[in-house]
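Structural overview for review
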Amino acid sequence: MAAFTIYPAIDMRGGKCVRLLQGDYNKETVYGDSPVAMAEQFAAQGAEWIHMVDLDGAKEGRRVNDRFVIEAARRLSVHVQVGGGIRTEEDIVHYLENGVARVILGSAAISDPPFVKKMLQKYGRRIVIGIDARDGFVATEGWLATSNVKAEELGRMLAEAGAETFIFTDIATDGTLSGPNIAAAVRLAEATGKEVIASGGVSSLDDLRALCQYAGQGIGGAIVGKALYTNQFTLAEALKAVNER
């Protein structure tokens, strides 16, 4: 049976845990005052991985909330992956040398492909490619801009450059609890031949079970955010649902 991992999400803005609706910085809900305390809760419920995003960093193009990420990575016996505001090799090294397991490169894949390819060659599986799409086209700069590059096209190019793991977010579903765009995630997995982690829209245990059905076709996991914060289900319930298949 192919592995399927649940990644509870902690999105950080102004040092707090927040969720945005469809990436809109004006549609923010605060769910906690401490990203590290939230990470501790997820670890206590059985998380093996935690997905952390520096929303301030994504918007400003520099690290802003990195201290919370590093504290969680150092303090807890879980793997942490982080995205948002990572633009230089110094940013990557800063995280990897301080206990973070994987670093996500997103906007740089469009703005500076040679840099991303070099980082893939140098750091291998510790680099994850985040592909956020709006109507099939890649969005950048904290989702504030949309490129003219198709998600599958970018995925194929970076898979050839050495990328082994992709995170695919359909912006239209993110934060909406409307169900994940499974078809688009599967298309990216098929186009790249690599692992794809689905992100955005998970609202129920049935959504997770549906994604699990594609574990053998490259869907390696799901990032879950708002559903956990609004008590649609607990992380423990999510882990049980995917482990029982």
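Annotation of the protein in UniProt includes, under Catalytic activity (unreviewed entry), the sentence "1-(5-phospho-beta-D-ribosyl)-5-[(5-phospho-beta-D-ribosylamino)methylideneamino]imidazole-4-carboxamide = 5-[(5-phospho-1-deoxy-D-ribulos-1-ylimino)methylamino]-1-(5-phospho-beta-D-ribosyl)imidazole-4-carboxamide". The Sequence similarities (unreviewed entry) field of the UniProt record for the protein holds the comment "Belongs to the HisA/HisF family."

This part takes up the pairing of strand β11 (residues 195–199). Taken across its five residues, β11 has four buried, putting it largely inside the fold. As defined by bridge partners, strand β10 (residues 165–170) adjoins β11 across five bridges and the pair is classed as parallel. Bridge pairing in β11 links isoleucine 167 to isoleucine 197. As for the winding sense of the linkage, the β-α-β connection from β10 through helix α8 (residues 182–192) to β11 is right-handed. The pairing of β11 with strand β12 (residues 219–224) spans four bridges and is parallel.

Here we come to the UniProt feature "active site" (unreviewed entry) in the protein. Summarizing the sequence annotation, UniProt attributes the feature "active site" (unreviewed entry) to Asp11 and Asp132 in the numbering used throughout. Counting through the fold element by element, aspartate 11 comes out in strand β1 (residues 5–13). Ignoring any residue separated from it by four or fewer positions in sequence, one finds aspartate 11 in contact with Lys16, Cys17, Val18, Arg19, Val53 and Leu55. Tracing the backbone through its elements, the reader meets aspartate 132 in strand β7 (residues 127–134).

A few words on unusual backbone geometry. When glycine is set aside, most residues are seen to have a negative phi, and most peptide bonds are trans. Non-glycine residue aspartate 135 carries a positive phi angle of around 55 degrees. Mapped onto the elements, aspartate 135 comes out in the loop between β7 and β8 (137–140). Phi angles above zero are rare outside glycine, and asparagine 231 is one such case at about 60 degrees. One can find asparagine 231 in the loop between α10 (226–229) and α11 (235–243).

So, about the pattern of salt bridges. This model, assessed by the stated rule, comprises 14 salt bridges. Here glutamate 244 and lysine 240 are joined by a salt bridge, their closest N and O atoms 3.0 Å apart. Judged on exposure class, the residue glutamate 244 and its partner lysine 240 are both exposed.

We now examine the nonpolar core. The nonpolar side chains of a soluble globular protein tend to be buried, and buried together. Within the largest apolar cluster, 72 residues are counted, with the highest numbers of intra-cluster contacts made by Ile10 and Ile129. Sort the elements by how many residues they give to this core and α8 lands first, with six residues. Counting residues in hydrophobic clusters, the runner-up holds nine residues, among them Ala9, Ala101, Val128 and Ile197.

Think of an α-helix as 3.6 residues a turn; residues three or four steps apart then line up on the same face. When helix α3 (residues 66–75) is considered as a whole, its buried residues turn out to be Asp66, Phe68, Val69, Ile70, Ala72 and Ala73. Of the surrounding secondary structure, the elements contacted by the buried residues of α3 are β1, α1 (35–44), β4 (49–54), β5 (79–83) and α4 (89–96).

Definitions and cut-offs
Residues numbered from 1 in each chain as written. Predicted model: local features only at pLDDT ≥ 70, side-chain atom pairs only at ≥ 80, totals over all residues. Heavy atoms only, no water. UniProt positions renumbered as here; feature names shortened; annotations may be inferred. Buried < 20%, exposed > 50% of the residue type's maximum accessible area, 1.4 Å probe, protein only. Helix = DSSP H or I, 4+ residues; strand = E, 2+ residues; numbered from the N terminus. Pairing = 2+ DSSP bridges. Right-handed = clockwise from strand over helix to strand, strands pointing away. Contact = heavy atoms within 4.5 Å. Salt bridge = Lys/Arg side-chain N within 4 Å of Asp/Glu carboxyl O. Core = buried A, V, L, I, M, F, W, Y, C linked by side-chain atoms within 4.5 Å.

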